[in-house]
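A structural walkthrough
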Amino acid sequence: MAIEIIMPKLGVDMQEGEIIEWKKQEGDVVNEGDILLEIMSDKTNMELEAEDSGVLIKIVHGNGDNVPVTEVIGYLGSEGEVISDSVADTENGEVSIPPQKSVAKTQARGVTIIEQTPSKKVRATPAARATAHKLGLDLETISGSGAYGRIHKDDVENFKGTQVKVTPLARKIALDHGLDLTAVTGTGINGKIMKSDVLSAISPIVAKDISKSNVIEAPQNLPDGVEIIKMSAMRKAISKGMTDSYFTAPTFTINYDIDMTNLIALRKQMIEPIMNKTGNKVTLTDLIGLAVVKTLMKPEHRYMNASLINDAQEIELHEFVNLGIAVGLDDGLVVPVVHGADKMTLSEFVEASKTVIKKAQIGKLKAAEMSGSTFSITNLGMFGAKSFNPIINQPNSAILGVAATVPTPVVYDGEVVIRPIMAMCLTIDHRIVDGMSGAKFMLDLKNVMENPIELLI
């Protein structure tokens, strides 16, 4: 029997995934462990691996399609087995075969995460699942008469008269628009309500908008030189994250000048030994990152290394530092995380940061490597930025912006001399940290950076 390949839910906030490329085509023989396709989830490219062997008998969604999580994107089965378009209806997301098991599991750099489908949380016999699927019933709403609440076929059949028969996609659209499904006439098998039935019951304007929600139509008579493009999954994720942060947290930014003379000198001294030990060149960003970590671990700055939780009613204080480092890509921005940075030596930090940054640049970050940050830094100094207001990477309480290092006349020991001065910009969530606390943190960070011997202790 055919096995569904579903779009996995790779993160709490993931609503849909974009199919980048199918690695197998219809009719291809698939062995367990083969890579089926590559998808993009928010800002991460992930490979989906076959959990069973067989033949790829149907591709429901092709390259470039954006597909809601848990929706069927293909079928794996036996040679000669056919899934017709009426069975795999891409418009309503409904199939007439009973769900068996998902064959998609995610893999990145040899680490595999198996994605369970929601139906596996319910104890039910295969016959009960098949009957519920056929009737469009939600097993989570049915009480089982078997041992430990296990649902049997009879439980489903006895329940069918108390719930509307409807496809999952039709139910979601109706729920989003407050439509009472009991007032809708279904045109599917046994009166099942389909997506088209729900759209017909909604006002024509809304129905038109929904039916064309995945289509970008260019306005007529566009001016010369104007192009309309579809927003990528990464751009959508950035847009949502930055909007949520900007309109959620009341922030303020404080700016400090840092004399980089000693830090630059330390880097020059450490290039060769760090290269010999790790194979990587130590950068100023590495030294700045470690200086931030050292400063955050001081008890008086624990609110700089905190998060708001439970609808901003509680503060989560961290006794460790997971440092997020913003990495700019050609088509967006990602923030890989160096976990456990507070336990690392300089060489360990260099190695760990280079690993996640390289993976970010080639689109191979795992979801876990982009989550769990407790503080973040972003560096625009290499582009000559003199000052900027970075937006906090929620739920962090602050983010540090690193600007350009510029030769600047300063008074040193009573004389005007030229020193390399770097601007640093700290944006703080005022719900957690006040201005005085932020200023004290920056003074301590400035002291560590201008006297960096502490980084080697």
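Every value quoted in this text rests on a predicted model; they were computed, and no experiment measured them. (Residues numbered from 1 in each chain as written. Predicted model: local features only at pLDDT ≥ 70, side-chain atom pairs only at ≥ 80, totals over all residues. Heavy atoms only, no water.)

1. Let's talk about the packing of helix α8 (residues 284–296) against helix α9 (residues 346–361)
Packed helices, taken two at a time, are described by the angle between their axes plus the distance between the axes. Contact pair α8 / α9: the axes reach a minimum separation of 10 Å and the direction vectors enclose 115 degrees. With respect to each other, α8 and α9 are oriented roughly perpendicular. When you trace α8 past α9, the crossing you get is right-handed. Taken together, the residues of α9 that come into contact with α8 (itself represented by Asp286, Leu287, Gly289 and Leu290) are Leu346, Phe349, Val350, Ser353 and Lys354. Per-class residue counts for the contact of α8 with α9 are five nonpolar, two polar and two charged. (Axes fitted to C-alpha atoms, helices over the stretch in contact; angles between N-to-C directions. Helix = DSSP H or I, 4+ residues; strand = E, 2+ residues; numbered from the N terminus. Parallel < 35°, antiparallel > 145°, perpendicular 65-115°, else oblique. Left-handed = near helix turned anticlockwise from the far one by under 90°. Contact = heavy atoms within 4.5 Å. Nonpolar A, V, L, I, M, F, W, Y, C, P; charged D, E, K, R; others polar.)

2. Quick look at the environment of Lys366
Mapping Lys366 onto the fold places it in the loop between α9 and β18 (375–379). Through-space distance from the C-alpha of Lys366 to that of Met46 is 7.5 Å; in sequence the pair is 320 residues apart.

3. Focus: unusual backbone geometry
Pro395 follows Gln394 through a cis peptide bond whose omega is 10 degrees. Among the secondary structure elements, Pro395 is positioned in the loop between β18 and β19 (398–412). With phi around 55 degrees, Asp311 is a residue other than glycine that occupies positive phi space. The topology assignment puts Asp311 in the loop between β12 (306–309) and β13 (314–317). The exposure class of Asp311 is exposed, given its relative accessible area of 72%. Of note, Ala312 is a non-glycine position whose phi angle comes to about 60 degrees, a positive value. (Buried < 20%, exposed > 50% of the residue type's maximum accessible area, 1.4 Å probe, protein only.)

4. Let's talk about the environment of Ile421
Note on placement: Ile421 falls in strand β20 (residues 415–429). Along the sequence, Ile421 and Met260 sit 161 residues apart, while their C-alpha atoms lie 5.9 Å from each other. Apart from residues lying up to four places away in sequence, Ile421 is in contact with Asp257, Ile258, Asp259, Ala404, Thr405, Val406, Thr408 and Val410.

5. Describing the packing of helix α7 (residues 261–278) against α9
One way to put it is that α7 packs onto α9 with a least axis distance of 10 Å and a crossing angle of 65 degrees. Taken as a pair, α7 and α9 cross one another with a handedness that is right-handed. Mapping the contact onto sequence places Met270, Ile274, Lys277 and Thr278 in α7 and Leu346, Ser347, Val350 and Glu351 in α9. Taken together, the residues of the contact of α7 with α9 break down into four nonpolar, two polar and two charged.

6. Observations regarding the side chain of Thr278
Counting through the fold element by element, Thr278 comes out in helix α7. The exposure class assigned to Thr278 is buried, which follows from its relative accessible area of 15%. Polar contacts involving the side chain of Thr278 include one to the main-chain amide nitrogen of Asn280, which spans 3.1 Å. Discounting residues that sit within four places of it in the chain, Thr278 has contacts with Ser347, Val350 and Glu351. (Polar contact = N/O pair within 3.5 Å; in protein donor to acceptor, adjacent residues only side chain to side chain.)

7. A short note on the nonpolar core
Grouped together as the largest cluster of nonpolar side chains are 55 residues, with contacts concentrated most on Leu323, Phe375, Leu400, Met424, Leu426 and Met449. Examining the composition of this core, we find that seven residues originate from one element, α8, more than from any other. Residues in contact with Leu426, not counting those within four places in the same chain, are Phe252, Thr253, Ile254, Met304, Phe375, Ala398, Ile399, Leu400, Gly438, Phe441 and Met442. Core analysis: the next-biggest nonpolar cluster, separate from the first, contains 16 residues, Leu37, Ile39, Leu56 and Ile73 among them. (Core = buried A, V, L, I, M, F, W, Y, C linked by side-chain atoms within 4.5 Å.)

8. Some details on the pairing of β12
The side chains of a regular strand alternate between both faces of the sheet. Here four bridges tie β12 to β13, and the two strands are oriented antiparallel to one another. For Ile309, the partnering residue across the bridge sits in β13 and is Glu314. In textbook terms, the turn of a hairpin is the stretch between consecutive antiparallel strands, and for β12 and β13 this stretch comprises four residues, one of which, Asn310, has a positive phi near 55 degrees. (Pairing = 2+ DSSP bridges.)

9. Describing the sheet that holds strand β8 (residues 72–77)
Two strands in a sheet stick together by hydrogen bonds in their backbones, pointing the same way (parallel) or opposite ways (antiparallel). The sheet built from four strands is open, its strands ordered β1-β8-β6-β3 with antiparallel pairing. One side of each edge strand has no neighbouring strand; the edge strands of this open sheet are β1 (3–6) and β3 (29–30). For β1 and β8, the ladder comprises four bridges, and the chain directions are antiparallel. Bridging from a neighbouring strand, Ile3 pairs with Leu76 of β8.

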